Amino acid sequence: MKMSSLFIRYRKTKIAILAAMLVIAAFFSLDALFPFPVHRLSPAPGTMVLDRQGEVLRFFLAPDGSRRIPVKLDDVSPVLVRTLISSEDRWFRYHPGVNPVAIVRAAISNLSAGKVVSGASTIPMQIVRLCEPRPRTMRSKIIEAFRALQLKLHFSTDRLLEAYLNLLPYGGNIVGVEAASRFYFGHGSDNLSLAEAALLTTIPRGPVFYDPLKHPKQARKGRDLVMEQLGQRGTFTPEQVSRNRREPLPQKLATFPLKAPHYTEMVQKYYGREPIIKTAIDSPLQEAAQSAVKNHAQRMRSEDLDNAACIILHIPTREIRALVGSSDYLEPGYGGAINLADIIRSPGSTLKPFLYAFALDRGEIAPRSYINDIPTDYSGYSPENYDRTYRGQVEIKDALARSLNVPAVRLLARTGVNSFLEKLRQGGMSTLEKDAASYGLPLALGGCGARLTELVNLYASLGDGGKYQNVSHGPTRGNKGNAIQLFSPEASWMVMDMLSAVTRPEMDETWNLTRDMPDAAWKTGTSFGHRDAWALGISGDYAAGVWVGNPDGRPRKGISGAKHAGPLLFRLLRLASPGGRIPQKPQRAAIIPVTVCAHSHELPGAFCTRTTQMDIIPGKTKMKPCSLCRQVLVDPESGFRVTGKCIGDRKLEKRIVRTISPELSRWRAENGLEVDPMPPSAPDCGSIPAGPAPRIVSPSAGTPYILRPEAPQEYQKIALKADAGSDSGELYWYLDGRLIARGKYDEKLFAKIGTGKHRMAVSDSLGRTAAIIFTVKGKVAELSPEDSDGRQLP
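Residues numbered from 1 in each chain as written. Predicted model: local features only at pLDDT ≥ 70, side-chain atom pairs only at ≥ 80, totals over all residues. Heavy atoms only, no water.

## What about the overall build of the chain?
Part 1 of the argument: Helices and strands together make up the secondary structure of the chain, namely 21 helices and 26 strands.
Part 2 of the argument: Expressed as a percentage of its 794 residues, the buried residues of the chain come to 51%.
Part 3 of the argument: Considering only residue pairs separated by 6 or more positions, the chain has 68% of its internal contacts joining residues 24 or more positions apart.
Part 4 of the argument: Per element, the accessible surface of the chain, about 37,400 Å² overall, is 54% carbon and sulfur. (Helix = DSSP H or I, 4+ residues; strand = E, 2+ residues; numbered from the N terminus. Buried < 20%, exposed > 50% of the residue type's maximum accessible area, 1.4 Å probe, protein only. Contact = heavy atoms within 4.5 Å. Areas by Shrake-Rupley, 256 points an atom, 1.4 Å probe, with all protein chains shown as cover.)

## With respect to the confidence of the model for the chain
Part 1 of the argument: Predicted confidence across the chain gives a mean pLDDT of 87, with 89% of residues reaching 70 or more.
Part 2 of the argument: Helix α13 (residues 352-361) holds the highest mean pLDDT among the elements of the chain, 98, whereas helix α3 (residues 100-113) holds the lowest, 66.
Part 3 of the argument: Long-range and interchain partners of residues 505-515, a stretch whose pLDDT sits below 50, account for 13 contacts in this model, where long-range means more than four residues apart.
Part 4 of the argument: Of the regions scoring below 50 in pLDDT, residues 780-794 engages in 38 contacts with residues more than four places distant in sequence or in other chains. (pLDDT = per-residue confidence, 0-100.)

## A look at helix α6 (residues 157-167)
Part 1 of the argument: For α6, a buried count of 8 out of 11 residues is recorded, marking the element as mostly surrounded by other parts of the structure.
Part 2 of the argument: Among the residues making up α6, those that are buried are Leu160, Leu161, Glu162, Ala163, Tyr164, Leu165, Asn166 and Leu167.
Part 3 of the argument: Against β3 (67-68), α2 (78-88), α4 (123-131), α5 (138-154), β4 (174-175) and α7 (177-185) lie the buried residues of α6.

## Quick notes on the sheet that holds strand β5 (residues 276-278)
Hydrogen bonds between backbone atoms are what pair the strands of a sheet, whose relative direction is either parallel or antiparallel.
Part 1 of the argument: Strand order in the open sheet made by the 3 strands is β2-β1-β5, with mixed pairing throughout. Across the chains shown, the open sheet's two edge strands, defined by having one partner strand only, are β2 (56-60) and β5. For this sheet, the mean inter-axis angle between neighbouring strands, taken without regard to orientation, is 15 degrees.
Part 2 of the argument: The pairing of strand β1 (residues 47-50) with β2 spans 4 bridges and is antiparallel. Across the sheet, threonine 47 pairs through a bridge with phenylalanine 60, a residue of β2.
Part 3 of the argument: Lying on the sheet, helix α11 (residues 261-271) is in contact with β1, β2 and β5; it crosses β2 at an angle near 60 degrees. (Pairing = 2+ DSSP bridges. Axes fitted to C-alpha atoms, helices over the stretch in contact; angles between N-to-C directions.)

## Here we look at the packing of aromatic side chains
Part 1 of the argument: Taken as a whole, this structure holds 12 aromatic pairs when the rule is applied.
Part 2 of the argument: Note on phenylalanine 354 and tyrosine 459: the rings are 5.0 Å apart at their centroids and 80 degrees apart in plane angle, and the pair reads as edge-to-face. Here tyrosine 459 lies in helix α18 (residues 452-463) and phenylalanine 354 lies in helix α13, a separation of 105 residues in the sequence. Comparing phenylalanine 354 with tyrosine 459, the two get one shared label, buried.
Part 3 of the argument: On the basis of an interplanar angle of 85 degrees and a centroid distance of 5.0 Å, the ring pair of tryptophan 522 and phenylalanine 570 is categorised as edge-to-face. Taken together, the residues tryptophan 522 in strand β12 (residues 521-526) and phenylalanine 570 in helix α20 (residues 561-576) connect sequence positions 48 residues apart. (Phe/Tyr/Trp six-rings, centres within 6.5 Å; stacked < 30°, edge-to-face > 60°.)

## A few points about the sheet that holds strand β22 (residues 730-735)
Part 1 of the argument: Ordered in space as β20-β26-β25-β22-β23, the 5 strands form an open sheet in which the pairing is mixed. Two strands close off the open sheet at either side, each with one partner strand: β20 (705-707) and β23 (738-744). Here the average twist between neighbouring strands, direction ignored, is 30 degrees.
Part 2 of the argument: The pairing of β20 with strand β26 (residues 769-778) spans 3 bridges and is classified as parallel. Directly across from leucine 707, in β26, lies its bridge partner glycine 778.

## A short note on the pattern of salt bridges
Part 1 of the argument: Scanning all chains against the criterion turns up 39 salt bridges.
Part 2 of the argument: Here arginine 147 and glutamate 132 are joined by a salt bridge, their closest N and O atoms 3.2 Å apart. Of this pair, arginine 147 sits in helix α5 while glutamate 132 sits in the loop between α4 and α5, and the two are 15 residues apart along the sequence. For the pair arginine 147 and glutamate 132, a shared accessibility class is recorded, and that class is buried.
Part 3 of the argument: Its salt-bridge partner being arginine 554, residue aspartate 552 comes within 3.0 Å of it at the nearest N-O pair. (Salt bridge = Lys/Arg side-chain N within 4 Å of Asp/Glu carboxyl O.)

## Observations concerning the layout of surface pockets
Part 1 of the argument: By volume, the second largest pocket amounts to about 1,100 Å³.
Part 2 of the argument: In terms of lining, the second largest pocket is formed by 33 residues, of which the most central are Ser87, Glu88, Ser121, Gln126 and Arg205.
Part 3 of the argument: Mapped onto the lining of the second largest pocket, the elements with two or more residues apiece are α2, α3, α4, α8 (194-202) and α9 (216-232).
Part 4 of the argument: Examining the composition of the lining of the second largest pocket, we find that 5 residues originate from one element, α9, more than from any other.
Part 5 of the argument: Split by residue class, the lining of the second largest pocket holds 13 nonpolar, 11 polar and 9 charged. (1 Å grid on protein atoms, 1.4 Å probe; cavity = no way out; pocket = protein on both sides within 12 Å on 5 of 7 lines; lining within 4 Å. Points joined across faces, edges and corners; volume = space filled by probe spheres on them. Nonpolar A, V, L, I, M, F, W, Y, C, P; charged D, E, K, R; others polar.)

## What about the state of the cysteines?
Part 1 of the argument: For the coordinates displayed, the defined rule picks out 0 disulfides.
Part 2 of the argument: Of all cysteine sulfurs in the structure, the one in cysteine 608 sits closest to cysteine 597, which takes part in no disulfide; the separation is 3.2 Å. (Disulfide = S-S within 2.5 Å.)

## As for the nonpolar core
Part 1 of the argument: With 77 residues, the main nonpolar core has Phe354, Tyr356, Leu424, Leu443 and Val495 as its most contacted residues.
Part 2 of the argument: Apart from residues lying up to four places away in sequence, phenylalanine 354 is in contact with Phe420, Leu424, Leu458, Tyr459, Leu462 and Phe487.
Part 3 of the argument: Residues Val76, Tyr164, Ile203 and Ala219 belong to the second largest nonpolar core, which totals 43 residues. (Core = buried A, V, L, I, M, F, W, Y, C linked by side-chain atoms within 4.5 Å.)

## So, the packing of α13 against helix α19 (residues 489-499)
Part 1 of the argument: In the contact formed by α13 and α19, the axes pass within 9 Å of each other and the chain directions differ by 135 degrees. By the angle between their axes, α13 is oblique relative to α19. α19 is crossed by α13, and the crossing has right-handed handedness. In contact with Pro353, Tyr356, Ala357, Leu360 and Asp361 of α13, α19 contributes Ala491, Met494, Val495, Met498 and Leu499.
Part 2 of the argument: For the contact of α13 with α19, the class distribution of residues is 9 nonpolar, no polar and 1 charged. (Parallel < 35°, antiparallel > 145°, perpendicular 65-115°, else oblique. Left-handed = near helix turned anticlockwise from the far one by under 90°.)

## Concerning a nonpolar patch on the surface
Part 1 of the argument: Judged by side-chain polarity, Ile24, Phe28 and Leu153 come together as a nonpolar surface patch covering roughly 280 Å² of accessible area.
Part 2 of the argument: Along the chain, the position of isoleucine 24 falls in helix α1 (residues 2-33).
Part 3 of the argument: The partly exposed category is assigned to isoleucine 24, whose relative accessible area is 47%. (Patch = residues over 30% accessible without salt bridge, like charges linked within 9 Å, V, L, I, M, F, W, Y side chains within 5 Å.)

## Points about unusual backbone geometry
Part 1 of the argument: Along the chain, serine 698 connects to proline 699 via a cis peptide bond; the corresponding omega equals 5 degrees.
Part 2 of the argument: Inspection of the secondary structure assignment puts proline 699 in the loop between β19 (695-698) and β20.
Part 3 of the argument: One non-glycine residue, arginine 318, lies in the positive phi region at around 60 degrees.
Part 4 of the argument: Mapped onto the fold, arginine 318 is located in the loop between β6 (307-314) and β7 (319-324).
Part 5 of the argument: Positive phi outside glycine occurs at histidine 601, with the angle close to 60 degrees.

Here you go:
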């Protein structure tokens with residue numbers, strides 16, 4: 001009998017073990033065949049953008065329209081965690097996903113009551129319902145139980161609890177405890193009272209029924225029942241429960257502000273679907289800048305300029321402290337919703353400081369080097385200054401301070417478009433996508449596209465000793481990318497020093513006596529086609545930039561960076577850096593003064609009688625001895641300059657002659673300005689003196705001339721121009737070996753020239769000769785000797 005009983009017990013045990021193994025095998029097979037959709041535990045979040053103090057700037061809904069703000073478990077108040085677990089699933093940390101004891105207890109209670117009075121859903125089962133909603137049937141309960149076991153198998157209890165906190169529904173489109181806390185209580189879920197935690201535990205049980213705004217009595221009753229339960233279970237003391245029962249319910253949902261709307265859109269696009277983005281925006285400065293832009297734009301509209309934008313950047317960190325994309329984000333009709341601080345527009349002259357810094361580092365110039373501001377033709381491209389006037393010879397610092405176009409183009413021609421273009425790209429200008437040939441020399445004058453955001457950071461690089469680094473949007477991801485030395489500290493400081501001499505647009509020369517008026521290095525720009533006005537500047541630890549114009553690209557004749565953008569720039573600099581100063585000359589900077597010829601600003605030559613001081617960067621600035629101050633021998637009786645074989649048989653006197661370059665000499669003569677004459681050469685001295693030969697300016701070897709058959713030939717003559725010194729006397733012009741014109745070096749000559757490939761040569765009265773090859777296309781009558789407009793040919 002005993003043996004039979006043992007055998008039966010053994011068989012039952014064996015069957016039970018086998019059945020358990022089959023159940024386990026079936027579970028794992030089903031788990032492999034039907035894995036839990038893990039992505040549903042973390043649905044796409046909304047985004048909350050914060051300022052540098054942690055205050056909310058703006059909230060963006062999740063892609064599904066929910067107000068969802070995911071939160072980490074460690075950032076949730078322990079009061080809420082204890083409340084939820086104690087009230088919803090006391091054995092959450094111990095059961096495998098379903099609670100058999102709770103199932104039996106709920107079944108007995110429901111049978112005894114004759115209706116459903118108790119549930120057995122665990123937190124994992126509730127997570128399943130939130131991720132995969134199903135009809136409330138027995139089949140659904142079985143699936144929920146299976147999924148709950150899956151969750152417990154694959155995830156830690158903390159991970160599941162965090163998912164639960166972020167999935168709980170709170171009515172309308174509010175999802176998760178962080179969003180509920182902020183919208184119902186106006187603060188985060190990290191600091192909740194017991195009453196608030198109890199309400200957040202109650203509402204998900206019936207988001208409509210327990211809505212504290214629509215059904216406050218039901219919500220209060222449900223909240224108080226939860227707290228009473230927590231007191232009975234010893235989770236909280238009776239005193240805590242009693243005190244929190246007196247706490248009122250929320251009366252309305254909190255609203256999130258709409259601050260820095262253009263900037264918040266920019267950073268959300270930059271970071272993607274981050275639940276919380278902490279920026280470096282200084283809210284008081286942002287609001288003050290917004291007000292300044294709005295007031296300025298209102299004034300500009302009377303001048304047919306619709307809108308404005310600005311950026312204020314902290315130079316040491318490169319953090320954007322304020323960005324205003326338009327005068328009013330919600331304003332219709334003026335492009336209010338467009339982020340005008342980040343659109344691509346022609347930057348005008350705002351790139352010039354970087355060209356000058358680049359040329360300083362290459363040793364091409366020094367601040368007091370001379371450069372010509374005269375009409376110049378580059379294969380058909382002839383730049384003009386904004387005021388359509390020319391100043392002849394100017395110092396580099398004056399050319400930059402006055403924003404002269406012609407010197408800038410001449411400087412770019414010397415440094416090379418390709419190398420300057422590459423330097424701008426290294427400085428973060430992402431808009432320069434074409435090759436150098438597509439931009440050409442107009443690049444010096446803003447013949448490209450630029451964003452205000454990138455321009456301000458380039459100016460910040462000048463204020464940071466020439467170091468470039470990426471713009472930082474705050475601590476969310478920090479400042480990505482290593483800093484590079486874009487320009488030397490010496491070149492950067494020299495450029496800022498030159499820019500600090502620019503006249504202020506909004507005040508007279510007593511501006512620097514005003515308290516809190518910032519000392520600034522600044523630059524303006526006006527785009528091609530009169531569409532954009534720019535002003536950018538550096539003061540103290542801040543760089544700021546302003547754009548003014550029409551969002552639709554409509555031109556406005558007479559638009560000016562100095563007049564229309566400059567005043568707003570200085571308003572912003574006063575806000576950001578009251579009483580600020582431009583950075584001091586860097587310590588141990590390699591900038592030294594040298595003595596130069598006062599006439600040429602080159603190293604003194606043997607015949608330079610007057611000198612001056614000029615700062616240079618040693619080892620970089622290229623200096624050569626002056627060749628413009630020359631000594632000549634003159635016959636005192638005839639006044640002729642004597643050279644060669646005549647020197648030995650006459651009594652001569654030495655004279656110092658200060659000459660200028662041939663092209664400057666020609667321009668001055670053409671414009672009726674004085675040119676110191678070189679004593680004429682003695683006719684009986686046969687040697688050709690040293691000195692440059694004339695340089696042909698027109699015709700140009702790089703310009704194909706096209707003659708139109710429908711236009712009269714009288715209006716299609718080609719100018720004959722050459723850069724020649726005052727000692728050149730008459731110039732003789734030869735077309736294909738045939739003399740066609742002659743005249744003084746400053747005389748205006750023209751000629752009709754037939755189609756084909758031609759050789760043009762010019763000789764001065766001293767026999768110095770130059771020649772070029774050029775092409776004329778089209779159809780025109782053959783040239784005769786009388787077709788030139790020079791002097792009558794013999």
